[in-house]
Amino acid sequence: MSITTRFAPSPTGFLHLGHAAAALTAWRRARQAGGRFLLRIEDIDPTRCRPEYTAAILEDLTWLGIDWDGPVRMQSEHLDEYRAALETLAGRGLLYPCFCTRAAIAREIAAAPAAPHGPDGPLYPGTCRALSAAERAARLAGGEPYALRLDMARAVAEAGPLRWHEEAAGWLAAEPARFGDVVLGRKDVPASYHLCVTHDDARQGVTLVTRGADLQPATALHRLLQALFGWPAPRYAHHPLLTGADGRRLAKRDGAASLRAMRQAGISPEAVRALAGL
Ligand code: GLU
């Protein structure tokens, strides 16, 4: 079976060595198997993404010797597709509008006797799930901003037990309920990381997702969305994250580790590939 991999960075800063390792991993896997390697720019967050970072990503990858198949997919150009996917779930009663502000959620959690935590922090307490149909309609009619949340209990009941294939570990049980009622449509854009990444992996025919181990827990949620939409499940290979000299994972805030800084310091692409362990 031919494989299709992808590298899907968010243009919120310059690429660093950790990104180089992730991109090279996906690219090598595809090229070694005679498969396809895709580049996708995950730029749905208008407050954090900048076109100059997108341009820098393409330039830095090319400098590293990475080439990609077909056009680069820009998520910001496909909001209509994400909106349509949300409408499908809403039509099945699996989403509800959430009018809560972050501050209101934090207050409610602080006041609760117990605050269950998921992989991404405290779970949403479900305030807006409990609204009456009349109140919901009134607030929608009043133009109050809202996010769209997944009714996790219903979604899990509909999907049944799920698992995914993790290359180094075999079949793992997916337990998306740990995330609670996640936001699938944000207040500012009709999309979210979890929805877009799952939608696009299916839409682009990705068969092997290679990405950092920090995203492994989210795979449970991605499997749930694949099941709800009837999309095929790719196989997954999460790789360990590179750490800096201080033992902390590399992050965009460590400007010195950016590929541009290395290039400007005269480091060759071959040396960067060696540093990335590839
Ligand atoms: N856009 C995500 C990031 O930059 C990666 C998405 C993925 O590989 O699933 O962290």
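Preceding block: the structure.
Computed from a predicted model, the values in this text were never measured in an experiment.

A. Looking closely at the site of the ligand. In the region of the ligand, the neighbouring residues are Arg6, Ala8, Pro9, Ser10, Glu42, Tyr193, Val197, Arg211 and Leu215. Here arginine 6 contributes a side-chain N or O atom positioned 2.6 Å from an oxygen atom of the ligand. Between the ligand and arginine 211, the relevant distance is 2.9 Å, taken from an oxygen atom to a side-chain nitrogen or oxygen of the residue. Burial of the ligand by the surrounding chains reaches 77%, relative to a free accessible area of 300 Å². Of the residues that constitute the shell around the ligand, the class distribution is five nonpolar, one polar and three charged.

B. The environment of glycine 142, seen in detail. Within the fold, glycine 142 resides in the loop between α5 (133-141) and β7 (147-150). Separated by 127 residues in sequence, glycine 142 and leucine 15 place their C-alpha atoms 43 Å apart.

C. Local environment of the sheet that holds strand β10 (residues 183-185). Reading across the sheet, the three strands line up as β4-β7-β10 and stay open at both edges, with antiparallel pairing between neighbours. The sheet is open, and its two borders are formed by β4 (95-98) and β10, each paired with just one other strand. Pairwise comparison of adjacent strand axes, ignoring direction, gives a mean angle of 45° for this sheet. Relative to β10, β7 is paired through two bridges, and the arrangement is antiparallel.

D. Molecular detail of the sheet that holds strand β1 (residues 4-7). The three strands lie next to each other as β1-β2-β3, forming an open sheet whose pairing is parallel. Every interior strand has two partners, whereas the edge strands, β1 and β3 (73-74), have only one. Alignment of β1 against strand β2 (residues 36-41), held across four bridges, turns out to be parallel. When the sheet's bridge partners are listed, phenylalanine 7 is paired in β2 with leucine 39. Here helix α1 (residues 17-32) sits on the sheet and contacts β1 and β2; the angle it forms with β1, its principal contact strand, is near 165°.

E. Structural context of the side chain of glutamate 42. Its place among the elements puts glutamate 42 in the loop between β2 and α2 (51-64). Engagement of the side chain of glutamate 42 in a polar contact is seen with the side chain of glutamine 75, the distance being 3.3 Å.

F. Quick look at the pattern of salt bridges. Under the criterion given, the structure shown has 22 salt bridges. With a shortest N-O distance of 3.0 Å, aspartate 201 and arginine 6 are connected by a salt bridge. With aspartate 201 in helix α7 (residues 193-203) and arginine 6 in strand β1, the pair connects residues that are 195 residues apart, well separated along the chain. Of the two residues examined, aspartate 201 and arginine 6, each falls in the buried class. Within this structure, Arg6, Arg40, Glu42, Arg73, Glu81, Asp200, Asp201 and Arg203 form a network of salt bridges that share partners.

G. Summary view of the packing of aromatic side chains. Summed over all chains, the structure comprises three aromatic pairs. For the pair phenylalanine 14 and tyrosine 53, a centre-to-centre distance of 5.1 Å together with 85° between the ring planes defines the contact as edge-to-face. One end of the pair, phenylalanine 14, is in the loop between β1 and α1; the other, tyrosine 53, is in helix α2, with 39 residues separating them in the sequence. On the numbers, 4.1 Å between centres and 10° between planes, the contact of phenylalanine 229 with tryptophan 231 is stacked.

H. The arrangement of the state of the cysteines in detail. Scanning the entire structure with this criterion turns up zero disulfides. Here cysteine 100 stays free of any disulfide, with the sulfur of cysteine 128 as its closest cysteine sulfur at 3.7 Å. Of all cysteine sulfurs in the structure, the one in cysteine 49 sits closest to cysteine 196, which takes part in no disulfide; the separation is 11 Å. Residue classification places cysteine 196 among the buried positions, given a relative accessible area of 0%.

I. A look at the pairing of β2. Counting buried residues in β2 gives five out of six residues, a clear majority hidden from the surface. For the handedness criterion, the β-α-β arrangement of β1, α1 and β2 is classed as right-handed. Pairing between β2 and β3: two bridges, direction parallel. If you follow isoleucine 41 over to β3, its bridge partner there is methionine 74. Considered for its hand, the β-α-β crossover made up of β2, α2 and β3 is right-handed.

Calculation notes
- Residues numbered from 1 in each chain as written.
- Predicted model: local features only at pLDDT ≥ 70, side-chain atom pairs only at ≥ 80, totals over all residues.
- Heavy atoms only, no water.
- Near = heavy atom within 4 Å.
- Polar contact = N/O pair within 3.5 Å; in protein donor to acceptor, adjacent residues only side chain to side chain.
- Areas by Shrake-Rupley, 256 points an atom, 1.4 Å probe, with all protein chains shown as cover.
- Nonpolar A, V, L, I, M, F, W, Y, C, P; charged D, E, K, R; others polar.
- Helix = DSSP H or I, 4+ residues; strand = E, 2+ residues; numbered from the N terminus.
- Pairing = 2+ DSSP bridges.
- Axes fitted to C-alpha atoms, helices over the stretch in contact; angles between N-to-C directions.
- Contact = heavy atoms within 4.5 Å.
- Salt bridge = Lys/Arg side-chain N within 4 Å of Asp/Glu carboxyl O.
- Buried < 20%, exposed > 50% of the residue type's maximum accessible area, 1.4 Å probe, protein only.
- Phe/Tyr/Trp six-rings, centres within 6.5 Å; stacked < 30°, edge-to-face > 60°.
- Disulfide = S-S within 2.5 Å.
- Right-handed = clockwise from strand over helix to strand, strands pointing away.

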